[in-house]
Amino acid sequence: MPTNALETLRIALDKFSRERDWHQFHTPKNLSMAISVEVAELVEHFQWLTPEQSYELPGAVQQGVEEEMADILLYLVRMADVLGIDLYKPALKKIEINRAKYPVPAE
């Protein structure tokens with residue numbers, strides 16, 4: 001039984017990959033490269049926008065951004081699974097590392 005949303009995604013992606021015999025191509029190298037490509041595709045949507053415009057995306061652009069973000073998430077979850085990494089725990093740990101590295105400024 002999945003314990004969180006990332007685990008639910010991991011299970012669904014593993015099934016999807018195995019049904020298509022894609023797991024053979026899902027090496028850490030290939031998945032990291034795919035993440036990089038998807039990040040570049042996400043950046044394209046914002047390339048010539050002002051900071052203000054980046055908050056107010058037209059419908060088609062918003063949909064494109066959502067799809068690229070989903071691609072990034074899915075590849076990242078798949079890569080974590082291939083490497084045996086539970087992303088939830090290191091993500092929480094990284095927040096704590098950043099909390100110590102970047103303390104709240106004193107008022």
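Predicted model, so just to flag it, every value in this text is computed and none were measured. The numbers attached to residues start from 1 for each chain and follow its sequence in the written order. Predicted model: local features are reported for residues with pLDDT of at least 70 only, side-chain atom pairs are reported and counted for 80 or more only, and whole-chain, interface and lining totals are derived from all residues. Working from all heavy atoms in the structure, the side-chain values ignore hydrogens and water.

Participant: Looking at this model, I keep getting lost on the layout of surface pockets. Mind explaining?
Facilitator: Vacant regions in the atomic arrangement are exposed by a probe of water-molecule size rolled over the atoms. Reported here for the largest pocket is a volume of approximately 260 Å³. Buriedness of a pocket was judged along seven lines, with at least five required to meet protein on both sides within 12 Å; pockets are open sets of points on a 1 Å grid over the protein atoms alone, cavities are sets where a 1.4 Å probe fits but cannot get out, and lining residues have an atom within 4 Å of a point. Taken together, 14 residues form the lining of the largest pocket, with Leu13, Trp22, His26, Leu31 and Tyr75 sitting closest to its centre. Of all the secondary structure elements, the ones that give two or more residues to the lining of the largest pocket are helix H1 (5–19), helix H2 (28–46) and helix H3 (59–83). Side-chain classes are defined by residue name, with Ala, Val, Leu, Ile, Met, Phe, Trp, Tyr, Cys and Pro counting as nonpolar, Asp, Glu, Lys and Arg as charged, and the others, Gly among them, as polar. For the lining of the largest pocket, the residue count by class is 8 nonpolar, 3 polar and 3 charged. Taken as a whole, the second largest pocket spans an internal volume of roughly 170 Å³. The wall of the second largest pocket is formed by 13 residues, among which Glu7, Arg10, Ile85, Asp86 and Leu87 lie closest to the centre. When contributions to the lining of the second largest pocket are tallied by element, the ones reaching two or more residues are H1 and H3. Across the lining of the second largest pocket, the residue classes tally to 6 nonpolar, 3 polar and 4 charged. Grid points are joined across faces, edges and corners, and a volume is the space filled by probe spheres set on the points. In this text, helices come from DSSP runs of H or I with a minimum length of four residues, and strands from runs of E with a minimum of two, each type numbered from the N-terminal end.

Participant: Mind showing me how you'd approach the environment of Leu87 here?
Facilitator: Structurally, Leu87 can be placed in the loop between H3 and helix H4 (88–101). Each C-alpha atom of the pair Leu87 and Ala60 lies 31 Å from the other, and the pair is 27 residues apart in sequence. Only heavy atoms matter for contacts: two residues are in contact if any of them lie within 4.5 Å across the pair. In contact with Leu87, other than residues within four places in its own chain, are Leu6, Leu76, Val77 and Ala80.

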